[in-house]
Amino acid sequence: PLIPLRPLLEATRKHGFAQGAFNVNSVVQAQAVIEVHEMFRSAGIVQGADLANAFMGGRADFMKGTIEDKRRGARRIGEAVKKLAQDSPIPIVLHLDHGKDFESVKAAIAGGYTSVMIDGSPLPFDENVELTREVVKYAHARGVSVEGELGVLSGMEDDVFSEHSTYTNPLKAVEFFKKTGVDCLAISYGTKHGAVKGENVRLRKEIVIAVAENLKHEGIFGVLVSHGSSVVPQYIVEEINQLGGKISQAHGIPLDELKSVIKSGIGKINVDTDIRLAVTRNIREYFARNSSKKRNSVAEAVSTIWELMERNPEQFDPREYLTP
Ligand code: G3H
Ligand code: 13P
Ligand code: NA
Ligand code: ZN
């Protein structure tokens, strides 16, 4: 069945675990996420980013992310995941990742998303509160859960780049929960989006503990979300590079660091980069295995992809080379 995020968040706090949330850019990837969760007899969160919706809306230049494309893409993935979830014995959530504005959130909900993130983190605190509160009102009235964000992760977040992190202020986070009524909140506490997170990253656990303790003290329900949490398995990076890739300085969050924050208050852990890396490794292996012998006879489309990969060895976003 397809469910909102809220009951799953409550379960994470009751039983002290965290739920992985996995980004997809296509129906087949959503299917894979659901199948793997069925294997583990776990509930599952399928995430589509704002630009993933634009991509699934069917445009090569998805980075422009027009609202019409997002609407169409949200409907496509929404209808597909609804059907997949109906056929599945496990509870599935379809969650919008990094919703950019109110319109994008509405597009996701209209398409069938059961949970949305509104990322007002680039805004000043009061404006972030105001926007998020409006989204909560709109979403909750439709049985849809809401994630907000407070603080800045270093690196690329959506199309906003920042060199340094601004860690989340725990007291502000509690105030944010109180004023907006969000079900969960993304915080900045040492993680980072993308494949280059630095070596031996240590997470600022005291931020998680401070928010959770203060929430408990005030009698407010709220779960914290860990973005930028890919572990970046070194063997996958090495295999990509052996297959002609050029990915350097790729390091993720150590698994033990992530494990250590779950009991303290992190109930949702976002993963996108690890999936991009795995897909890239497999596609490179496929082409490496098939290129030398079949190179002359493969379809035009395939050689275009292969040439593109040779010209962009640092590329590991499947959307780039699947577009042609
Ligand atoms: O957290 C950000 C997402 O991983 C970005 O995904 O490039 O599909 O918007 P996107
Ligand atoms: P990674 O880049 O570490 O996979 O983080 C993904 C994420 O936070 C999606 O919102
Ligand atoms: Na942010
Ligand atoms: Zn994120």
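The rules behind each value
- Residues numbered from 1 in each chain as written.
- Chains lettered and ligands numbered in written order.
- Predicted model: local features only at pLDDT ≥ 70, side-chain atom pairs only at ≥ 80, totals over all residues.
- UniProt positions renumbered as here; feature names shortened; annotations may be inferred.
- Helix = DSSP H or I, 4+ residues; strand = E, 2+ residues; numbered from the N terminus.
- Contact = placed C-beta atoms within 7 Å.
- Buried ≥ 20, exposed ≤ 12 C-beta atoms within 10 Å, placed from the backbone.
- Pairing = 2+ DSSP bridges.
- Right-handed = clockwise from strand over helix to strand, strands pointing away.

Asker: Lay out the UniProt feature "binding site: Zn(2+) 1" (unreviewed entry) in the protein in plain terms, naming residues and giving numbers.
Answerer: With numbering aligned to this structure, UniProt lists the feature "binding site: Zn(2+) 1" (unreviewed entry) at His98, His193 and His227. Taking the farthest pair of C-alpha atoms as the criterion, the annotated set spanning 130 residues converges on one region, since that pair is 12.0 Å apart. Locating histidine 98 in the fold gives a position in strand 3 (residues 92-99). Looking at the element boundaries, histidine 227 is found in the loop between strand 9 (223-226) and helix 9 (234-242). Filtering out sequence-adjacent residues up to four positions away, histidine 227 remains in contact with Leu153, Ala186, Thr191, His193 and Asn270.

Asker: I'd like a description of the pairing of strand 2 (residues 44-49), backed by residues and values.
Answerer: Within strand 2, six of the six residues are buried, leaving the element largely enclosed by the surrounding structure. Residues Gly44, Val46 and Gly48 of strand 2 are buried on one face, and the alternating residues Ile45, Gln47 and Ala49, pointing to the opposite face, are buried as well. Where strand 1 (residues 19-23) meets strand 2, three bridges bridge the pair, whose relative direction is parallel. From the neighbouring strand, phenylalanine 22 faces strand 2, where its bridge partner is valine 46. A crossover links strand 1 with its parallel partner strand 2, the connecting element being helix 2 (residues 27-39), and its sense is right-handed. Sheet topology places strand 2 next to strand 3; six bridges connect them, and they run parallel. Note on strand 3: the bridge partner recorded for valine 46 is leucine 94.

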